Amino acid sequence: MFLLRPLPILLATGGGYTGYRQYEKYRERELEKLGLEIPPKLAGHWEVALYKSVPTRLLSRAWGRLNQVELPHWLRRPVYSLYIWTFGVNMKEAAVEDLHHYRNLSEFFRRKLKPQARPVCGLHSVISPSDGKILNFGQVKNCEVEQVKGVTYSLESFLGPRTCTEDLPFSPATSCDSFKNQLVTREGNELYHCVIYLAPGDYHCFHSPTDWTVSHRRHFPAVGATNVGSIRIYFDQDLHTNSPRYSKGSYNDFSFVTHTNKEGVPMRKGEHLGEFNLGSTIVLIFEAPKDFNFQLKAGQKIRFGEPLGSL
């Protein structure tokens, strides 16, 4: 009798996808050596479906639980010292430098900084919400978000479909340009994007990049770097990421605009917004006037509070 075992199949498909992605990266490096331009790769439906078949959330939940295991007092210094050496962590800027203070890896990842360790630039309209590396930035073209974890996504695939409900201030889009235009609220503005990668050694809190108001939240349970135990938004107590109750590939919407709160949640530039457990990637998609200029270079390191661009 033939028994179908799901775990080996998931591991096989996941391993096959990982091998394929590594081959793609190798081929891209070889083309770069030859001085050839590499066209952006739009994720296909099969690629998205294959990625969804990998049990990433199961791995991330296991990693999250491991991070919350309290370490014996005598073991904390050697474990954290190895991590600091491996990922180049600068503990001089940590609010608490004593390694024995951090009971588990999760607390160490989410360590706070000393006051004034990250001064917020007041001269520019948009700042970096986190420490990290600039992977890509620019005006959104062809309704695509470029190079998120090595893959270019269509705008609709990345943000999810527009939903026509009373809670969401937009109507369904019928084309790519229509979808993009509905994201722009003021005539003459354009859509821009900026992708920031947080390495394991980076400061893991993220902040508001500008003055704005949060009116709506869409949660994709599968979004987040593999092995990130959880993502926390400080003002959103109802958000529970990486939970097994959500179906992978689904999303859920929540509106902060209510009958008693007509505007939403106001955020000031530089204000604490949330935190990651371990590394992750932040993708900013925002509208701004056509004369908005980024002051960045692809591949550069950036710290929270430093300018991304201005008018």
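Above this text sits the structure in question.
Residues numbered from 1 in each chain as written. Predicted model: local features only at pLDDT ≥ 70, side-chain atom pairs only at ≥ 80, totals over all residues. Heavy atoms only, no water.

Can you walk me through the pattern of salt bridges in this structure?
Pairing is possible between side chains that carry opposite charge, provided their charged atoms lie close to one another. Considering all chains together, one arrives at 13 salt bridges under this definition. Note that arginine 76 is salt-bridged to glutamate 70, the shortest N-O span being 3.3 Å. In this structure, arginine 218 engages aspartate 253 in a salt bridge whose closest nitrogen and oxygen atoms are separated by 2.7 Å. Placement of the pair is arginine 218 in strand E8 (residues 216-219) and aspartate 253 in strand E10 (residues 252-255), with a sequence separation of 35 residues. What makes arginine 218 buried here is its relative accessible area of 19%. Via salt bridges that share partners, Glu93, Arg118, Asp131 and Arg303 belong to a single interconnected network. (Salt bridge = Lys/Arg side-chain N within 4 Å of Asp/Glu carboxyl O. Helix = DSSP H or I, 4+ residues; strand = E, 2+ residues; numbered from the N terminus. Buried < 20%, exposed > 50% of the residue type's maximum accessible area, 1.4 Å probe, protein only.)

Mind showing me how you'd approach the environment of histidine 216 here?
Its place among the elements puts histidine 216 in strand E8. Expressed as a C-alpha distance, the spacing of histidine 216 and phenylalanine 254, which sit 38 residues apart in the sequence, is 5.9 Å. Side chain to side chain, histidine 216 and aspartate 253 meet in a polar contact 3.2 Å long. (Polar contact = N/O pair within 3.5 Å; in protein donor to acceptor, adjacent residues only side chain to side chain.)

For this particular structure, what's the right way to read helix H4 (residues 73-87)?
For an α-helix, the turn length of 3.6 residues means that residues three or four places apart are oriented alike. Compared with the 21 Å implied by 1.5 Å per residue over 15 residues, the 22 Å span of H4 between its first and last C-alpha is a close match. Residues of H4 that are buried include every one of Arg76, Tyr80, Tyr83 and Ile84, and no others. When H4 is viewed along its axis, its buried side chains cluster within an angular range of 100° and face the same direction. Facing away from the buried surface of H4 by more than 90 degrees, the exposed residues are Trp74, Leu82 and Trp85. Buried residues along H4 sit against helix H5 (105-109). Just past H4, the residue glycine 88 takes up positive phi, approximately 65°. (Expected span 1.5 Å × (residues − 1). Arc of directions from axis to C-beta. Contact = heavy atoms within 4.5 Å.)

Explanation requested: the pairing of strand E12 (residues 272-276) in the structure shown.
Each regular strand carries side chains that alternate between the two faces of the sheet. For E12, the tally of buried residues reaches 4 of 5 residues, placing the bulk of the element in the interior. For strand E9 (residues 231-233) and E12, the ladder comprises 3 bridges, and the chain directions are antiparallel. In the strand pairing of E12, isoleucine 231 is matched with phenylalanine 276. (Pairing = 2+ DSSP bridges.)

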